[in-house]
Every structure is written in structure tokens, then in C-alpha cells.
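# Analysis of the macromolecular model
The lines below spell out each chain.
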Amino acid sequence: MKKLTMLIAVTVVAWSQTVVGQTNELSKNQLGLASDSPTRLTVESQWVSVHDGLQLMLNVEHNLNDTFGLFAYGEAHEHWGQFYAGPTFTPADWIKFGLGVGLEEADKNPLRSGNWLWLGKNKDSLLAVGNYSANGHWWHVHSNHQFNGWLGVGLFARSNAGAGPRLQITVPKKPISFWLSPTYNWDKKGAGFACGLGIRL
């Protein structure tokens, strides 16, 4: 119930903002973080071999001006959920980061912080995310080189999930992308797999 409430809250905020400035065009950098619209909604479903079932992620960003903005992020799967929000800062067109505070579904202290950094230039980009709480820490990094309007190749690494090459396919002239990554999990010392299907509006 808590996970559902968090997702509904994020969805309502996201759609109320995207009505003002929705766009279906590909992003300027082919990856979605730079956009002609001041508001961007991302919905993504992921499957990672170390987890049970699918993960649903909702993220909305709104640029107040060229430098400052706001974001809200919600995530849920069968056994866990989280939500955090905060300001974003874009000191230059090739760098953007966000600092968020929120809650997670947990037996201990539910407070959680989530921070992220995006770097991008021309056809290359990198996204790094770190979440911190009394119940544990989590991090994720992936890179992408966009060869053309539909194919991107990079690297994927995530705590508890391992690391490996990453392939991204974007539907031409549509806000839909799919990525997959065969991984090696150093914690379990074995092969793994991760994939995701996302829509950016």
C-alpha cells in the first residue's frame, strides 16, 4: 500500500506538470536529460536478475530556468519502495546534478537521500546515482555513446547487480527506448542480466 501511494503521488505531480510542456521529440543529446520542454517525465520498468520481479520507476524534472530546477523520483517493486525529491542544478549544458531527500519502506529509520550526476557532450553521456539511508547504501552508473538516432553502446554497473556492457535501442522519432546489459556479479561471483524499457515525455 505504501509503495502504491508513493507511485500515485509521483504520477499526479508528473502529469500535472507535463500538461504544460509535453514533448515527444528526441532529446537534444539523444538521451533525454536536455530537452526543449521545461518539464520531462520518465517512466521505466526494469528487470535485474538479482531481484524478484519487475521494478517500476517514475521520475519528473522541471526546469525553473536555465540553471535551477526541481525533480521527484519514485520507485517500487514487490518487496520495497522509495520516494525522494529536491532541487537540480545545471551550471553548464554538459553537467547537471540533483540532491533529494525522502522516504523508503523500511523497518528502521525510513529517511533516505538520493543524489545523481549527469555528464554529457555531443553523443556521449554518463549518469551516476547514489542513495543513502540507515538501512543501506546503493549506487548505479551507466554510460552511453549514441552512434545514431536509434543505437547506443556503453557500460553498466550497479551495487548488488554487477557490471557489464550496455546496449540501448531508441525507437526513431519516438520517446521509447530499451536497454539491456549482460553482467558479472562480483558479490555472487557469477553471471547476471539487467534490462529496462522506458518512455520519456
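Residues numbered from 1 in each chain as written. Predicted model: local features only at pLDDT ≥ 70, side-chain atom pairs only at ≥ 80, totals over all residues. Heavy atoms only, no water.

### Thoughts on the sheet that holds strand β3 (residues 68-77)
With antiparallel pairing, twelve strands are arranged side by side around a closed barrel as β1-β2-β3-β4-β5-β6-β7-β8-β9-β10-β11-β12. Each strand of the sheet is rotated relative to its neighbour by a mean of 20°, with strand direction disregarded. (Pairing = 2+ DSSP bridges. Helix = DSSP H or I, 4+ residues; strand = E, 2+ residues; numbered from the N terminus. Axes fitted to C-alpha atoms, helices over the stretch in contact; angles between N-to-C directions.)

### A word on the side chain of E61
Inspection of the secondary structure assignment puts E61 in strand β2 (residues 55-63). Reaching out from E61, the side chain makes a polar contact with the side chain of N59 at a distance of 3.4 Å. Here the side chain of E61 touches K96 through a polar contact of 2.9 Å, side chain to side chain. (Polar contact = N/O pair within 3.5 Å; in protein donor to acceptor, adjacent residues only side chain to side chain.)

### Observations concerning the nonpolar core
By size, the foremost hydrophobic cluster in this structure holds seven residues: M57, F71, Y73, Y84, W116, W118 and V129. Secondary-structure elements contributing two or more residues to this core are β3 and β6 (111-121). Not counting residues up to four positions away in its chain, the partners in contact with M57 are T42, V43, E44, Q46, Y73, G74 and E75. (Core = buried A, V, L, I, M, F, W, Y, C linked by side-chain atoms within 4.5 Å. Buried < 20%, exposed > 50% of the residue type's maximum accessible area, 1.4 Å probe, protein only. Contact = heavy atoms within 4.5 Å.)

### So, the environment of G69
Its place among the elements puts G69 in strand β3. The exposure class assigned to G69 is buried, which follows from its relative accessible area of 2%. Taking C-alpha positions, G69 is 9.4 Å from T39, a pair spaced 30 residues apart along the chain. Among residues more than four places away in sequence, those in contact with G69 are H62, N63, L64, G86, P87 and T88.

### Looking at the confidence of the model for the protein
Taken as a whole, the protein shows an average pLDDT of 83; of its residues, 81% reach a score of 70 or greater. Counting interchain partners and residues more than four positions distant, the pLDDT-below-50 stretch residues 10-35 has 55 contacts. (pLDDT = per-residue confidence, 0-100.)

### Things to note about the pattern of salt bridges
Enumeration over the complete set of coordinates arrives at three salt bridges. Note that R40 is salt-bridged to E61, the shortest N-O span being 2.6 Å. Here E61 lies in strand β2 and R40 lies in strand β1 (residues 39-48), a separation of 21 residues in the sequence. Residue R40 shares its accessibility class with E61, and that shared class is buried. The closest approach of N and O atoms between R112 and E104, which form a salt bridge, is 2.9 Å. (Salt bridge = Lys/Arg side-chain N within 4 Å of Asp/Glu carboxyl O.)

### Re the side chain of R40
Look at R40 and you get buried, because its relative accessible area is 9%. Side-chain polar atoms of R40 contact the side chain of T42, separated by 2.6 Å. Looking at R40, its side chain comes within polar contact range of the side chain of E61, at 2.6 Å.

### Quick notes on the pairing of β1
Burial analysis of β1 places seven of its ten residues in the buried class, the great majority of the element. Looking at chain direction, β1 and β2 are connected through eight bridges and run antiparallel. Across the sheet, the residue bridging to E44 is M57, located in β2.

### Some words on the packing of aromatic side chains
Evaluation of the coordinates by the stated rule reveals eight aromatic pairs. A centroid spacing of 6.0 Å and a plane angle of 80° characterise the contact between F71 and Y84, whose relative ring orientation is edge-to-face. With a gap of 13 residues between them, F71 in strand β3 and Y84 in strand β4 (residues 80-92) connect regions that are remote in the sequence. Just as F71 is buried, Y84 falls in that class too. Linked through ring pairs, F71, Y73, Y84 and W116 together constitute an aromatic cluster. (Phe/Tyr/Trp six-rings, centres within 6.5 Å; stacked < 30°, edge-to-face > 60°.)

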